[in-house]
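# Coordinates in review
Spelled out from the first residue to the last, the chains are:
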Amino acid sequence: MSGLAEWLRTAREERWGLLFDLVFAIVWVTMVDGLFRVLEGPDWAYYGFMLAGIVAYFGFVTSLEYARPEPE
């Protein structure tokens, strides 16, 4: 199986997870960019908030996993 075919198969299996990742990233970047356009904050804080998006993403995903009921 070629690399592209395998990648497409994996993408089809994980489509909702990939879509969630994309939506989270777009919302986070838009929110931070809008906030810093209004407040005109320093560059170091802007990049800090962008990096904080990584922590926020994993924290949010982890909390979703713990909130789901365990299968019986």
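Not measured: the values here are computed from a predicted model.

### Quick word on the overall build of the chain
Across its full length, the chain carries three helices and zero strands. Beginning at the N terminus, the succession of helices and strands in the chain can be written as α-α-α. Over its C-alpha atoms the chain spans a radius of gyration of 17 Å, topping by over 25% the 11 Å that the globule rule assigns to 72 residues. The dimensions of the chain, computed from C-alpha atoms along their principal axes, are 50 × 40 × 15 Å. The buried share among the 72 residues of the chain stands at 14%. Of the side-chain charges in the chain, 5 are positive and 10 negative, and the distance between the mean point of each set is 10 Å.

### What to know about helix 3 (residues 43-67)
Its 25 residues give helix 3 an end-to-end C-alpha distance of 36 Å, which sits within 8% of 36 Å, the value for a rise of 1.5 Å per residue. Residues A45, M50, G53, Y57 and V61 constitute the buried set of helix 3.

### Looking at the pattern of salt bridges
Oppositely charged side chains can pair when the atoms bearing their charge come close. Overall, the coordinates contain one salt bridge when judged by the stated rule. For the salt bridge of R37 with D33, the shortest nitrogen-to-oxygen distance reads 2.8 Å. Of the two residues, R37 and D33 both sit in helix 2 (residues 15-39), four residues apart, roughly one turn of that helix. Residue classification places R37 among the exposed positions, given a relative accessible area of 61%.

### As for the environment of P69
Of note, P69 is situated in the segment after helix 3. Using a relative accessible area of 75% as the deciding quantity, one classes P69 as exposed. Sequence separation of P69 and E13 is 56 residues, and the distance between their C-alpha atoms is 22 Å.

### As for the environment of F58
Here F58 is to be found in helix 3. For F58, a relative accessible area of 52% gives the class exposed. The sequence separation of F58 and R68 amounts to ten residues, and the corresponding C-alpha distance is 16 Å.

Criteria and cut-off values
Residues numbered from 1 in each chain as written. Predicted model: local features only at pLDDT ≥ 70, side-chain atom pairs only at ≥ 80, totals over all residues. Heavy atoms only, no water. Helix = DSSP H or I, 4+ residues; strand = E, 2+ residues; numbered from the N terminus. Rg over C-alpha atoms; globule rule 2.2 N^0.38 Å. Buried < 20%, exposed > 50% of the residue type's maximum accessible area, 1.4 Å probe, protein only. Lys, Arg positive; Asp, Glu negative; His and termini not counted. Charge placed at Lys NZ, Arg CZ, Asp CG, Glu CD. Expected span 1.5 Å × (residues − 1). Salt bridge = Lys/Arg side-chain N within 4 Å of Asp/Glu carboxyl O.

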